[in-house]
Amino acid sequence: AQTVTQSQPEMSVQEAETVTLSCTYDTSESDYYLFWYKQPPSRQMILVIRQEAYKQQNATENRFSVNFQKAAKSFSLKISDSQLGDAAMYFCAYRRPSYQGAQKLVFGQGTRLTINP
Amino acid sequence: NAGVTQTPKFQVLKTGQSMTLQCAQDMNHEYMSWYRQDPGMGLRLIHYSVGAGITDQGEVPNGYNVSRSTTEDFPLRLLSAAPSQTSVYFCASSPRTPYSGTEAFFGQGTRLTVV
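Now for a quick tour of the structure.

1. Focus on the overall build of chain B
Step number 1: Each helix and strand in chain B was counted, giving zero helices and eleven strands.
Step number 2: Each helix and strand of chain B, placed in order from N terminus to C terminus, yields the pattern β-β-β-β-β-β-β-β-β-β-β.
Step number 3: In terms of overall dimensions, chain B has C-alpha extents of about 45 × 30 × 25 Å along its principal axes.
Step number 4: Burial analysis of chain B (115 residues in total) assigns 50% to the buried set.

2. Things to note about the interface of chain B and chain A
Step number 1: With 30 residues of chain B at the contact, the number on the chain A side is 23 residues.
Step number 2: Taking both sides of the interface into account, the surface hidden between chain B and chain A amounts to around 2200 Å²; carbon and sulfur atoms contribute 48%.
Step number 3: Where chain B meets chain A, there are zero salt bridges.
Step number 4: Run the count over chain B and chain A and you get eight residue pairs in polar contact (both at pLDDT 80 or more).
Step number 5: Those elements that provide at least two residues to the side of chain B that touches chain A are β4 (31–38), β5 (42–51), β9 (87–94) and β11 (110–114) of chain B.
Step number 6: The greatest single-element share of the side of chain B that touches chain A, amounting to five residues, is contributed by β5 of chain B.
Step number 7: Partitioning the side of chain B that touches chain A into residue classes produces 15 nonpolar, twelve polar and three charged.

3. Let's talk about the environment of V12 of chain B
Residues and elements named next belong to chain B.
Step number 1: Following the sequence through the fold, V12 ends up in strand β2 (residues 10–13).
Step number 2: Along the sequence, V12 and L45 sit 33 residues apart, while their C-alpha atoms lie 22 Å from each other.
Step number 3: Every residue in contact with V12, bar those within four places of it in the chain, is listed here: T113 and V115.

4. Overview of the packing of aromatic side chains
Step number 1: Per the counting criterion, the structure on display carries 14 aromatic pairs over all chains.
Step number 2: Considering the side-chain rings of Y25 of chain A and Y94 of chain A, the 6.3 Å spacing of their centres and the 40° angle between planes classify their relative orientation as tilted. Of this pair, Y25 of chain A sits in strand β4 (residues 24–26) while Y94 of chain A sits in strand β10 (residues 88–95); the two residues are 69 residues apart in sequence, bridging distant segments of the chain.
Step number 3: Under the relative-accessibility criterion, Y25 of chain A is labelled buried at 5%.
Step number 4: Relative to F75 of chain A, the ring of W36 of chain A has its centre 6.2 Å away and its plane inclined at 25°; by these criteria the two rings are stacked. Of this pair, W36 of chain A sits in strand β5 (residues 33–39) while F75 of chain A sits in strand β9 (residues 74–79), and the two are 39 residues apart along the sequence. Grouping residues by exposure puts W36 of chain A and F75 of chain A together as buried.
Step number 5: Each member of the aromatic cluster is reached from another via a ring pair, and the members are F35, Y37, F91 and F107 of chain A together with Y35, F90 and F106 of chain B.
Step number 6: The cationic tip of R68 of chain B hangs over the ring face of F74 of chain B; the distance from NZ or CZ to the ring centre is 6.0 Å.

5. Description of the state of the cysteines
Each disulfide consists of one covalent bond between the sulfur atoms belonging to two cysteines.
Residue and element names in this part refer to chain A.
Step number 1: With the rule as written, the count across this model stands at two disulfides over all chains.
Step number 2: With a sulfur-sulfur separation of 2.0 Å, C23 is cross-linked through a disulfide to C92. What sets the handedness of the C23 and C92 disulfide is the S-S torsion sign, and at about -70° it is left-handed. One end of the pair, C23, is in the loop between β3 (19–21) and β4; the other, C92, is in strand β10, with 69 residues separating them in the sequence.
Step number 3: Looking at C92, the relative accessible area reads 1%, which means it is buried.

Conventions and cut-offs
Residues numbered from 1 in each chain as written. Chains lettered and ligands numbered in written order. Predicted model: local features only at pLDDT ≥ 70, side-chain atom pairs only at ≥ 80, totals over all residues. Heavy atoms only, no water. Helix = DSSP H or I, 4+ residues; strand = E, 2+ residues; numbered from the N terminus. Buried < 20%, exposed > 50% of the residue type's maximum accessible area, 1.4 Å probe, protein only. Contact = heavy atoms within 4.5 Å. Buried area = accessible area lost by both parts, 1.4 Å probe. Salt bridge = Lys/Arg side-chain N within 4 Å of Asp/Glu carboxyl O. Polar contact = N/O pair within 3.5 Å; in protein donor to acceptor, adjacent residues only side chain to side chain. Nonpolar A, V, L, I, M, F, W, Y, C, P; charged D, E, K, R; others polar. Phe/Tyr/Trp six-rings, centres within 6.5 Å; stacked < 30°, edge-to-face > 60°. Lys NZ or Arg CZ within 6 Å of the ring centre and 35° of its normal. Disulfide = S-S within 2.5 Å.

In structure tokens:
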């Protein structure tokens with residue numbers, strides 16, 4: 001079974017600075033997908049960024065980028081120029097390919113990010 | 001579009017009571033899932049469905065039942081509530097596509113307290 005581990009329960013960063021959230025996962029599969037979700041106090045789950053395992057290039061979405069290390073099974077999220085609105089719980093998640101079954105997500109424990117003004 | 005709608009948003013139950021958490025989506029998605037979120041444990045899959053009439057168990061199915069009679073609705077039933085079922089519950093949906101990177105859409109969650 002796949003597992004996802006986020007070893008940082010809490011992180012804090014100064015506004016406008018850069019912060020990196022860590023995520024490691026365990027799988028024996030070579031084809032999979034990784035996601036970072038943001039959960040603000042409203043509880044809404046918001047997709048931040050996704051990465052296909054078959055792509056060597058790291059995904060980027062504006063101020064958000066990932067460092068995907070497939071051999072090390074590591075998938076960290078970097079937030080540049082942190083803003084107050086980035087304060088939230090962040091979840092790393094893993095998904096198997098469609099042809100291997102339903103699209104079930106396996107989540108990490110979450111990292112609560114605080115932005116200091 | 002409304003997306004994924006969960007009702008109620010908050011609920012307090014007494015131990016032993018039963019209730020149904022409702023989930024409806026208007027995006028014609030084949031896949032629907034229920035997760036529970038507990039502090040320090042992330043979201044864990046309870047049950048999921050790949051289409052009307054087809055459901056299966058996830059990681060933590062005990063104490064919960066589901067059915068999927070229509071594409072739109074995927075209710076979660078607690079047969080006899082226990083304090084261990086105090087949690088925040090999320091319903092999610094996604095389309096059936098060959099591309100597994102498709103985003104899963106989540107409801108706003110239901111905070112359930114069992115006393």
